[in-house]
Amino acid sequence: MQGLGGHSYDYHSHQEYEVYFFHSGSCRYLIHNQIYDLEPGDILLMDGLTLHKPNINPNSEYIRSVVHFSPHWIKGLLVELGSMYLIEVFQTLHHCLIRTNGNEESKRLEEIIRRLDMLQRSPELHDKFAETEMKVLLLQVLISVHRLGEVESIKIPNQKGDKVEHAENIASYIQLNYMKKMTLESISEALNLSKSYVSHVFKEMTGFTVMEYVMGCRLTQVKYSLEMEPNKALHDIAHDCGFESASHFSRYFREKMGVTAKEYRRLRLKK
């Protein structure tokens, strides 16, 4: 679990589920091909396999809490309690935004997350009771999120400006075509927009260059394929995910993940 404070804002994906609670400040958040201008009290739920990244104004405050957890870590408890429905939202929607408007339930959730953060930072973290207590607190987090998700008033008005719509259209096009050879020129032609506008609007709205997003999509699919297709050759996975050469894939994967693709697959399959 990650709490308040500074963390890297890399565009990333991971196998753990994530509960992201935005407390205050300014943040525009990109998830898959959706862009959200966050408001205090907003909660994002993500399944970890969807690319996501906050676009932060360095001159503005940015306070949030993030809880990462493996569904396997809590699954036994949920099965015993007949409460597997608490993680269905991650499995079915993959990602969603809950706008609480700072209601009473969101304040209770904020307090639970604060207690979870304090426990994680405690020097007694590794005593025999700590894991049990962390699971109980996580269960309370999931119950609170489930309650908040059932409130009708949280639905977000679907009103977006032209820049946001264009940026989302660019993201959608890339999500559908990242396995092909892509350039700024080919993307702009396909969407009937100027190359300079595509470059500028995507960077402004998401904080990323177009090609960073392309490569992020490819990396996410590679990681998924390495785990889901354990017998498939690495060079075939790289090719199918849009990498033009095995050497480029190898360098890029190690740079971003800190291990080789072969080692990543070995580690994931051990779990």
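Structural notes, computed from the coordinates. (Residues numbered from 1 in each chain as written. Predicted model: local features only at pLDDT ≥ 70, side-chain atom pairs only at ≥ 80, totals over all residues. Heavy atoms only, no water.)

Attention shifts here to the sheet that holds strand β2 (residues 27-31). The sheet built from three strands is open, its strands ordered β3-β2-β5 with antiparallel pairing. Strands with a single pairing partner mark the edges of an open sheet, and in this sheet they are β3 (34-37) and β5 (52-56). In this sheet, neighbouring strand axes are inclined to one another by 20° on average, regardless of whether the strands run parallel or antiparallel. Both β2 and β5 contribute to a ladder of five bridges, which runs antiparallel. Bridged to Cys27 within β5 is Ile56. Along the sheet, helix α7 (residues 195-206) contacts β2, β3 and β5; its crossing angle with β5, the most-contacted strand, is approximately 90°. (Pairing = 2+ DSSP bridges. Helix = DSSP H or I, 4+ residues; strand = E, 2+ residues; numbered from the N terminus. Axes fitted to C-alpha atoms, helices over the stretch in contact; angles between N-to-C directions. Contact = heavy atoms within 4.5 Å.)

The next point concerns the sheet that holds strand β1 (residues 17-25). Pairing is antiparallel in the open sheet, where four strands are placed in the order β6-β1-β4-β7. Pairing within the sheet leaves two strands with one partner each, and these edge strands are β6 (62-69) and β7 (95-99). Averaged over all pairs of adjacent strands, the angle between their axes in this sheet comes to 15°, without regard to strand direction. Judged from the four bridges that link them, β1 and strand β4 (residues 42-46) form a sheet pairing that is antiparallel. Pairing of Val19 across the sheet is with Leu45, part of β4.

What follows is about the packing of helix α1 (residues 71-81) against helix α4 (residues 130-149). For the pair α1 and α4, interaxial distance at closest approach is 11 Å and the crossing angle is 65°. The orientation of α1 with respect to α4, classified from their angle, is roughly perpendicular. The two elements α1 and α4 meet at a crossing, and its hand is right-handed. Residues Trp73, Ile74, Leu77, Leu78 and Leu81 of α1 touch α4, and the partners they reach there are Glu131, Met134, Lys135, Leu138 and Leu139. A class-by-class count of the residues in the contact of α1 with α4 yields eight nonpolar, no polar and two charged. (Parallel < 35°, antiparallel > 145°, perpendicular 65-115°, else oblique. Left-handed = near helix turned anticlockwise from the far one by under 90°. Nonpolar A, V, L, I, M, F, W, Y, C, P; charged D, E, K, R; others polar.)

Counting buried positions along β2 gives four out of five residues, so the element sits mostly inside the fold. Here β2 folds back onto β3 in antiparallel fashion, the turn holding two residues, of which His32 has a positive phi close to 55°. (Buried < 20%, exposed > 50% of the residue type's maximum accessible area, 1.4 Å probe, protein only.)

Before going further, it helps to spend a moment on the packing of helix α3 (residues 104-121) against α4. Between α3 and α4, the shortest axis-to-axis distance is 10 Å and the interhelical angle comes to 160°. In terms of orientation, α3 lies roughly antiparallel with respect to α4. By crossing handedness, the relation of α3 to α4 is classed as left-handed. Residues Glu105, Ser106, Leu109, Ile112, Ile113, Arg115, Leu116, Leu119 and Gln120 of α3 lie in contact with α4, whose contacting residues are Ala130, Glu133, Met134, Leu137, Gln140, Val141, Ser144, Val145, Arg147 and Leu148. When its residues are assigned to classes, the contact of α3 with α4 shows 11 nonpolar, four polar and four charged.

This part is about the packing of aromatic side chains. The full count for this structure, using the stated rule, is 10 aromatic pairs. A ring pair is formed by Phe202 and Tyr213, whose centres lie 5.3 Å apart and whose planes are at 70°; its orientation type is edge-to-face. One end of the pair, Phe202, is in helix α7; the other, Tyr213, is in helix α8 (residues 210-228), with 11 residues separating them in the sequence. Of the aromatic side chains, those joined through ring pairs into one cluster are Phe243, Phe249, Tyr252, Phe253 and Tyr264. (Phe/Tyr/Trp six-rings, centres within 6.5 Å; stacked < 30°, edge-to-face > 60°.)

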